Amino acid sequence: MQDVTEKFLADKDRLKLHAIIENSNDLVSLATPENKVEYLNKAGHKLLGNEHRSDLTIIDCIYKDDRKTALSLLSELEKNGSFSTEIRFQNALNNEAVWMKWNAFTINDPDTNEIVGIATICTNIQQQRERELVFKNKKEQLQLALDVAEMAMWEIDSELESATGDKRLREWFGFSEHGNFNLNSGLDQVSKSHRDKVKYALEQCLDFNHGLLDMEFPIENPYTGLRRIVRAKGKTWFDGQNKPVRMIGVMQDITQIVKARTELENFSKELKKQVDERTKQLQRTNTALQDSVKKLETANAELESFAYISSHDLQEPLRKIQMYTSLISERGEAELTERGQKYFEKINVSASRMRTLIDDLLAYSRTEVDATQFVETDLNKSLKQVLDNLSDTIKLKEAKIESEHLPIINGVWFQMRQVFSNLLSNSIKFTKENENPLIKIVCEDADDLEINELGLNEDIAYYKIKLSDNGIGFSAGMETKIFEVFQRLHGKNEFEGTGIGLSIVKKILVNHGGDIIAYSTKGQGSTFVLYLPKLLSD
């Protein structure tokens, strides 16, 4: 009866063990010493996708790339009795690899100690390995970022005693490549001027109300003597009772940044100094400019006074000289000798030239106008009025004048008439012997390069009006001098004139926001180019 009872209890324990193994989440298998699988629990079939095969071996269950390793482990199993490793098994349905924690051991006969089987227990660690891979990738990415930024990592325990750091930090501080180091030894490498501040900051970082570190300080490697300025940033981790657990952070070499920042600060100071000095210079220049304006206002007042004197006080005696010389010539001509008559003729010519000079000076002084006098001015009408006034001279000289259609501008109409009058009069006057004057007037748009070279307003468009003649021209190098006051190119006995006409033209063009230039080859005519702003509507 006792033998039956013991057998029943033994069978019952085997049933319990079989139920536990069969319903385990781990892969459990039994194999012969020749690696032929005789038993595989439900978890094993599910993980490996194997149907019940009579010829299935342990090696068939291993991923193909890891089978060589598996064979090596199994061959050593008889000597070692067991092993534990991480290896990839293969799912027979999709051929995918599954990472497993593989524990194997031999089953020995209790009497002979002969190996009668191999037991395998495998835990699925696929998710764990995937998490480890993700962690590894993130760690590599972090290390790459730290390398690119030339930053070091560090960690300090909650007692501020033991610390660890990566290779870069150890290199900076002169520590050995492996193992922890004492925090005080790290502080020894900090400049004395900052050592207490750094220690205090670390102590404050352990306070739950602070917990963060961010400061700059210099360090020195005691072996190489290399000095750096670093920026340390860290954070303390606290447990559920707000007690510090550890402090981790990064450190960056900002030596060049601080150097650049210092240079920038010095540059800013120097720039401010120069700006202040320049401001003082501008103030002095402005004061001098104001003085010049006052002097200019005084000069303008004197010019107006001169104009008044010229138009009244100077012209009055001049008129009397001309009147009395005329009376003497008319009534006393018979009483004058031939020499006397020549003298009176010279007096009349000089007085007439003097009168022309005074009139031209008045015209030059009156070219300044205010904005209210600017109106839409049709240059075609201005030119026609001038041609009508010069009709007798044009007929006498048999001059031919050709003009394209001219634009309407914003200008002072009587001054534009003065411009055409002076230019046409000169072209008709300075002609070659035995050659009739030919004058051509054309109009086109000025290009940006011309506007830039003349220093005109680049934000507006300009007309370019060219007046060309076939006259005697002028020498090279006189292109700008001809617009100066009293600049004569010919003797007074050769051609009449005061040398003011072109100066008046120049001043009028400048008053209109434009300019005038000239070019010529002596004996081959001259060309005058007028630049005038377009109307905004154009």
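Let us now look at the overall build of the protein chain. Within the protein chain, the secondary structure is distributed over 15 helices and 18 strands. In the protein chain, the share of contacts with a sequence separation of at least 24, taken over all contacts with a separation of at least 6, comes to 56%.

Bringing the nonpolar core into the picture now. Judged by nonpolar contacts, the single largest core of 35 residues is most densely connected at Leu423 and Phe528. Where this core is concerned, the elements lending two or more residues are helix 11 (379–389), helix 13 (413–429), strand 15 (438–445), strand 16 (462–469), helix 15 (501–511), strand 17 (515–520) and strand 18 (526–533). If sequence neighbours within four positions are ignored, leucine 423 has contacts with Leu467, Leu502, Val505, Ile516, Phe528 and Leu530.

It is worth spelling out the packing of aromatic side chains at this point. The full count for this structure, using the stated rule, is 4 aromatic pairs. Here phenylalanine 173 and phenylalanine 175 contribute two aromatic rings whose centre-to-centre distance is 5.7 Å and whose plane-to-plane angle is 10°, an arrangement assigned as stacked. Its relative accessible area of 16% is what places phenylalanine 175 among the buried residues. Following the ring pairs from residue to residue traces out a cluster consisting of Phe83, Phe89 and Trp102. It is arginine 129 that lies over the ring of tryptophan 99; its NZ or CZ is 3.7 Å from the centre. The cationic tip of lysine 235 hangs over the ring face of tryptophan 237; the distance from NZ or CZ to the ring centre is 4.7 Å.

With that out of the way, let us pick up the confidence of the model for the protein chain. When pLDDT is averaged along the protein chain, the result is 81, and 80% of the positions lie at 70 or above. By mean pLDDT, helix 10 (residues 338–365) is the weakest element of the protein chain at 64, and strand 15 is the strongest at 94. Contacts of residues 1–5 to residues separated by more than four positions or lying in other chains number 0 contacts, the stretch itself having pLDDT below 50.

All right, on to the pairing of strand 15 then. Pairing analysis gives 4 bridges linking strand 13 (residues 400–403) to strand 15, with the strands arranged parallel. Bridge assignment links lysine 400 to a residue of strand 15, and that residue is leucine 438. Where strand 15 meets strand 16, 7 bridges bridge the pair, whose relative direction is antiparallel. When the sheet's bridge partners are listed, cysteine 443 is paired in strand 16 with isoleucine 465.

Let us now look at the sheet that holds strand 8 (residues 181–182). If you trace the 6 strands from one edge of the open sheet to the other, you get 8-7-6-11-10-9, paired in antiparallel fashion. Here the strands that pair on one side only, and so sit at the sheet edges, are strand 8 and strand 9 (212–220). Here strand 6 (residues 151–157) pairs with strand 11 (residues 244–253) via 7 bridges, running antiparallel. Pairing of isoleucine 156 across the sheet is with methionine 247, part of strand 11. Sitting on the sheet, helix 8 (residues 192–205) touches strand 6, strand 9, strand 10 (227–238) and strand 11, and the angle it makes with strand 9 is about 155°.

Take the sheet that holds strand 4 (residues 97–108) next. Hydrogen bonds between backbone atoms are what pair the strands of a sheet, whose relative direction is either parallel or antiparallel. Pairing in this open sheet of 5 strands is antiparallel, and the strands run 2-1-5-4-3 from one edge to the other. Looking at which strands have only one partner, the edges of the open sheet turn out to be strand 2 (37–40) and strand 3 (82–90). Between one strand and the next, the sheet's axes are offset by a mean angle of 25°, whatever the strand orientation. Sheet topology note: the strand 4/strand 5 (residues 115–124) ladder contains 9 bridges and is antiparallel. Across the sheet, alanine 104 pairs through a bridge with threonine 120, a residue of strand 5.

When the charged atoms of two side chains with opposite charge come close together, those side chains can pair. If you walk through the whole model with that rule in mind, you get 17 salt bridges. Two residues, glutamate 86 and arginine 129, come together in a salt bridge whose shortest N-O distance is 2.7 Å. Taken together, the residues span a long stretch of sequence, with glutamate 86 in strand 3 and arginine 129 in helix 5 (residues 126–148) at a distance of 43 residues. Since its relative accessible area comes to 26%, arginine 129 is described here as partly exposed. Here glutamate 132 ties to arginine 129 by a salt bridge, and the two come within 3.9 Å at their closest N and O atoms. Residue glutamate 132 and its partner arginine 129 are both found in helix 5; the two are separated by 3 residues, about one turn of the helix. When salt bridges with common partners are traced through the structure, they connect Glu86, Arg129 and Glu132 into a single cluster.

Turning to a negative patch on the surface, a few remarks are in order. On the surface, Asp447, Asp448, Glu453, Glu458 and Asp459 cluster together to form a negatively charged patch. On the secondary structure map, aspartate 448 appears in helix 14 (residues 448–454). Judged by relative accessible area, which is 63%, aspartate 448 ranks as exposed.

So, how was this worked out
Residues numbered from 1 in each chain as written. Predicted model: local features only at pLDDT ≥ 70, side-chain atom pairs only at ≥ 80, totals over all residues. Heavy atoms only, no water. Helix = DSSP H or I, 4+ residues; strand = E, 2+ residues; numbered from the N terminus. Contact = heavy atoms within 4.5 Å. Core = buried A, V, L, I, M, F, W, Y, C linked by side-chain atoms within 4.5 Å. Buried < 20%, exposed > 50% of the residue type's maximum accessible area, 1.4 Å probe, protein only. Phe/Tyr/Trp six-rings, centres within 6.5 Å; stacked < 30°, edge-to-face > 60°. Lys NZ or Arg CZ within 6 Å of the ring centre and 35° of its normal. pLDDT = per-residue confidence, 0-100. Pairing = 2+ DSSP bridges. Axes fitted to C-alpha atoms, helices over the stretch in contact; angles between N-to-C directions. Salt bridge = Lys/Arg side-chain N within 4 Å of Asp/Glu carboxyl O. Patch = residues over 30% accessible without salt bridge, like charges linked within 9 Å, V, L, I, M, F, W, Y side chains within 5 Å. Areas by Shrake-Rupley, 256 points an atom, 1.4 Å probe, with all protein chains shown as cover. Lys, Arg positive; Asp, Glu negative; His and termini not counted. Charge placed at Lys NZ, Arg CZ, Asp CG, Glu CD.

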